[in-house]
Amino acid sequence: PRLLSQFFFADERVTRVVAEINGLDAELDPQQYLVLLNQLHLSQAHLLAILERIMEECIPTQRHSRDYLVKFPEELLVDNLGNHMLFAAECLLAGTFLEVEEADGAQLRPQARSLLCSLELVRTVLREQSLSQPGSYPEPVQAVLVQFDRLFAEFELSYVSSLVAVKSPEEIYRQQEIIVLFCETVERALRLGYLTQEMIDGYEPLLMFTIPRLAIISGLLIYPEGPLSLEQSPEQMSRVFSPFYNILKKIRDLLRVLSAEELCLLERSLCTAE
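Computed from a predicted model, the values in this text were never measured in an experiment. (Residues numbered from 1 in each chain as written. Predicted model: local features only at pLDDT ≥ 70, side-chain atom pairs only at ≥ 80, totals over all residues. Heavy atoms only, no water.)

## Here we look at the pattern of salt bridges
For side chains bearing opposite charge, pairing can occur when the charged atoms are close.
Here is step 1 of the chain: Here the structure, examined in full by the defined rule, presents eleven salt bridges.
Here is step 2 of the chain: Note that Arg 63 and Glu 56 form a salt bridge whose closest N and O atoms lie 2.6 Å from each other.
Here is step 3 of the chain: The buried category is assigned to Arg 63, whose relative accessible area is 17%.
Here is step 4 of the chain: Its salt-bridge partner being Arg 252, residue Asp 253 comes within 3.7 Å of it at the nearest N-O pair.
Here is step 5 of the chain: Look at Arg 252 and you get buried, because its relative accessible area is 12%.
Here is step 6 of the chain: Shared partners join several salt bridges into a network, and the residues in it are Glu 52, Glu 56, Arg 63, Arg 66 and Asp 149. (Salt bridge = Lys/Arg side-chain N within 4 Å of Asp/Glu carboxyl O. Buried < 20%, exposed > 50% of the residue type's maximum accessible area, 1.4 Å probe, protein only.)

## Here's the deal with the nonpolar core
Here is step 1 of the chain: Leu 51, Ile 54, Leu 126, Leu 145, Phe 148, Phe 155 and Tyr 159 are the most contacted members of the largest nonpolar core, which totals 45 residues.
Here is step 2 of the chain: Per-element accounting of this core gives the leading share, ten residues, to helix α5 (residues 139-163).
Here is step 3 of the chain: For Tyr 159, the residues in contact, after removing those within four places along its chain, are Met 85, Ala 88, Leu 92, Glu 99, Val 100 and Leu 108.
Here is step 4 of the chain: If you look at the next biggest cluster of nonpolar residues, it comprises 14 residues, including Ala 215, Ile 217, Leu 228 and Leu 263. (Core = buried A, V, L, I, M, F, W, Y, C linked by side-chain atoms within 4.5 Å. Helix = DSSP H or I, 4+ residues; strand = E, 2+ residues; numbered from the N terminus. Contact = heavy atoms within 4.5 Å.)

## Notes on unusual backbone geometry
Here is step 1 of the chain: The phi dihedral of Tyr 203 falls on the positive side, at around 50°, and the residue is not glycine.
Here is step 2 of the chain: As for its placement among the helices and strands, Tyr 203 is situated in the loop between α7 (197-201) and α8 (207-222).

Rendered as structure tokens:
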């Protein structure tokens, strides 16, 4: 059950698969080569998962901040992101630029080299520790893990930033404003009887359409200085709404001529229309 013991056997598996790959002629047996590559991918992912658990147990208060993850597109936030980063570092060190431009790859290579060297050191230190005292993490072991954790985070941020446009602090703030707008919209809809708490607690599917519709009205009329403010330019708005700037202006102009009774009727209809 000890994590260091689990790490030892996971590390042995990676070493064995790598040795099999190095001893195989890929041109003579391409199918077996692909099988071994898949085994390497799975064994490395298992090794990294155990290493993550070791760091959580050994250096929980010294972990490098991962706040930058909120800047990443959601489609990148997958369970195997760490393993993908390791594969990317190996490719860069080998001079292969699969996903990034050659100039970006050249700048990332020193970071990739530092990361992979740090990983090799971690593997060596943890193997030795697992054979001597598998139940403890002395200070030298902790220092090696802290360095690896920092290098991994720095490479991850740099590599992803070279692939996609990460969210700026301004865009993150705009998204938070939208979350607040939706929360205030739901609170107002409950107060006016447009929605019921039972609908929310029961995850009523209609809410997926109702709440955004009501939020547009709230953002244009009730909270005009919020994320839907049309006093700002489209470039200053969140990318969620900026493509619809002109349409939102037309909707606002139409809403302004409605009486209170007509607005109430409209909002109630938006809660039932498909």
